[in-house]
Amino acid sequence: MTDFEPTIVAFFCNWCTYTAADLAGTSRLSYPANVKIIRVMCSGMVDPQYVIKALLEGADGVIIGGCNPGDCHYINGNYKARRRVKLLKEILPSFGFEAERLRLAWIAASDGILLAEMMRDFTEQIKVLGPSAPKLRMVI
Amino acid sequence: MSKTAKIDVKDQNLLGALRQFLKAVLDQEAIHAVLVPWRLPMKNMVMPTLITDPERLERVDPLSPAFPMNGAKVVSRLTRKATGRKVAAMMRPCEIRAFVELVKLKQARMEDLLIIGTDCLGALTNQDYFKWVGDDMDQATQTFYTAVLSGKGEGLGDVSLAPACQVCEFPVPAGADLAVGLFGVNTSDELLIEAQTPQGEAFLEALGLAGAEAPSGRQQSIDKLVAERTAARDEMFVRTREATDSLEKLTRYLANCVNCYNCRVACPVCYCRECVFVTDVFDHEPLQYLLWASRKGAIKMPTDTVFYHITRLAHMSTACVGCGQCSNACPNDIPVMELFRTVAHQTQRAFEYEAGRNVDEAPPLTQFKEKEFEEVVGIS
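Predicted model, so just to flag it, every value in this text is computed and none were measured.

**Q** Looking at this structure, I do not really get the overall build of chain A. What am I missing?
**A** Scanning chain A for helices and strands turns up five helices and four strands. Going residue by residue from the N terminus, the α and β elements of chain A occur as β-α-β-α-β-α-β-α-α. Taking 14 Å as the expected radius of gyration for a compact globule of 140 residues, we find that chain A reaches 15 Å, a close match to that expectation. With the C-alpha coordinates aligned to their principal axes, the bounding extent of chain A is approximately 40 × 30 × 20 Å.

Encoded structure:
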């Protein structure tokens, strides 16, 4: 499926990954327009239900971006996010969602280049996986 | 540490012996009330009932296969704040384990409480129970415990234990103050009382019961039962995974769901005081539905059925004790317990956690370490 353009929902922490996305923009770095960014105050506020809802509504991939270990603006929100991602990676594959459709990354505010690279990499990875099941069939 | 005693059974009357025992418990100066499974005067139903009058203990029936709710929530209501008065609560092992989870979530307290566990003979689903029980409850309960304790299951007619009970590998209480032993005990003569905590030990002492050793065959019969149940459980896991391992199959599995949320109400460990699914978040504008329908061509109403179930799995599966009340509460016979136990087994294993095992173990999503699960993080 070469002309498949995935929809990717990104939950980016206000203090690091979102700032990195801003930096990528001001540095005129480009990244795929497939990624729809939602700014959150901390990766630790991303309840599993946000990820589940995004996937069931037809997102082909979800990225959560948080601060590097030790750098969380709220001390430990990123560690909470990590446990929740661990949990989701246990639950979602039981129902046929590939674990690779969910990615957690630590990206610092100064890592604009890294962020653009990761967005390209993730988009490519999702293109290879193809559309997720909810895009193809009815979800009740 | 454990200390054991026995209570005598006369004329094969197990209930009589248990009632005597509870009377002795309620007689203790320290105990203000007992919470016990109790036959309602107005119908052949057994409900958790808080009793202070010893005369009322005549209707106690902990061996009935009625299991209309998981009592952990009721005990949480009694213990969430200090009263200065101690209650003795009689619970099934799955109720104790759910209660332990609620204590960890600060929705219940161990203080002012004496937990009396019983070897669990299992229960019938509500529907089977109503069909089966008849008018003579003494007869019904006796038929039930005789059938289960003989190991043959004869006499239950065309009903069998609830699906959750058939795959339950925790038929024996752990962490109770006092535990009533039935399996591998010669119940026509005696019942075993085991103290599983220091509080239980002190209490057993105060009750002044005749000391006794656990019968030599007891551990063996428990091991055998647990092995059978574990095997049945693992088969159930395989069946359920096979039935739900794609979105297509999962939606078929949940297709009867009408979003009544009874499973969530019945769940003892669904801990949110207000579930997000009944908040304004899901009080969508009427136009919103029309826009969704326009985008997709068709939307099933009410919406968000699969979303609800997967979210509930994410929120409470690490605390699931497998009591089966979700299936019991389902009006449309969805095998909810099977799905939740199967996923819960996986999520609890991922965090090396077992719901209800130990009150000192923090729930997996309430704690974290700096270095852990690094395999789930990565920029590529």
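Additional details are given in the paragraphs that follow.
**Q** I keep staring at unusual backbone geometry and nothing clicks. Help me out?
**A** Working note: non-glycine residues mostly have negative phi, and peptide bonds are mostly trans. With an omega of -15°, the peptide bond between Met301 of chain B and Pro302 of chain B qualifies as cis. Tracing the backbone shows Pro302 of chain B in the loop between α11 (286-296) and α12 (305-316). In the Ramachandran plot, Arg28 of chain A falls in the positive-phi region, its phi being about 60° despite a non-glycine side chain. Inspection of the secondary structure puts Arg28 of chain A in the loop between α1 (17-26) and β2 (35-40). The backbone phi angle of Lys106 of chain B is positive, close to 60°, even though this residue is not glycine. For Lys106 of chain B, a count of 9 C-beta atoms within 10 Å gives the class exposed.

**Q** Honestly, helix α3 (residues 77-91) of chain A in this entry has me stumped. Any pointers?
**A** Think of an α-helix as 3.6 residues a turn; residues three or four steps apart then line up on the same face. Spanning 15 residues, α3 of chain A covers 21 Å between terminal C-alpha atoms, matching the ideal 21 Å at 1.5 Å per step. Of all 15 residues in α3 of chain A, 15 are buried, a share of seventy percent or more.

**Q** Can you walk me through the environment of Val128 of chain A in this structure?
**A** All names here are of chain A. Relative to the helices and strands, Val128 is located in helix α4 (residues 112-129). Among the residues examined, Val128 registers 11 C-beta atoms within 10 Å and is labelled exposed. Measuring from C-alpha to C-alpha, the distance between Val128 and Leu92 comes to 19 Å, with 36 residues separating the pair along the chain.

**Q** Where do I start with the domain arrangement of chain B in this structure?
**A** A common measure of how large an interface is: the accessible area buried when the components associate. Residue and element names in this part refer to chain B. For chain B, the assigned domains read domain 1 (3-224) and domain 2 (228-366). When each unit is reduced to the centre of its C-alpha atoms, the spacing between domain 1 and domain 2 is 29 Å. Listed by partner, the interface residues are 28 residues for domain 1 and 25 residues for domain 2. Looking at the side of domain 1 that touches domain 2 residue by residue, the class counts come to 17 nonpolar, five polar and six charged.

What counts as what
Residues numbered from 1 in each chain as written. Chains lettered and ligands numbered in written order. Predicted model: local features only at pLDDT ≥ 70, side-chain atom pairs only at ≥ 80, totals over all residues. Helix = DSSP H or I, 4+ residues; strand = E, 2+ residues; numbered from the N terminus. Rg over C-alpha atoms; globule rule 2.2 N^0.38 Å. Buried ≥ 20, exposed ≤ 12 C-beta atoms within 10 Å, placed from the backbone. Expected span 1.5 Å × (residues − 1). Domains from an automatic or database assignment. Contact = placed C-beta atoms within 7 Å. Nonpolar A, V, L, I, M, F, W, Y, C, P; charged D, E, K, R; others polar.

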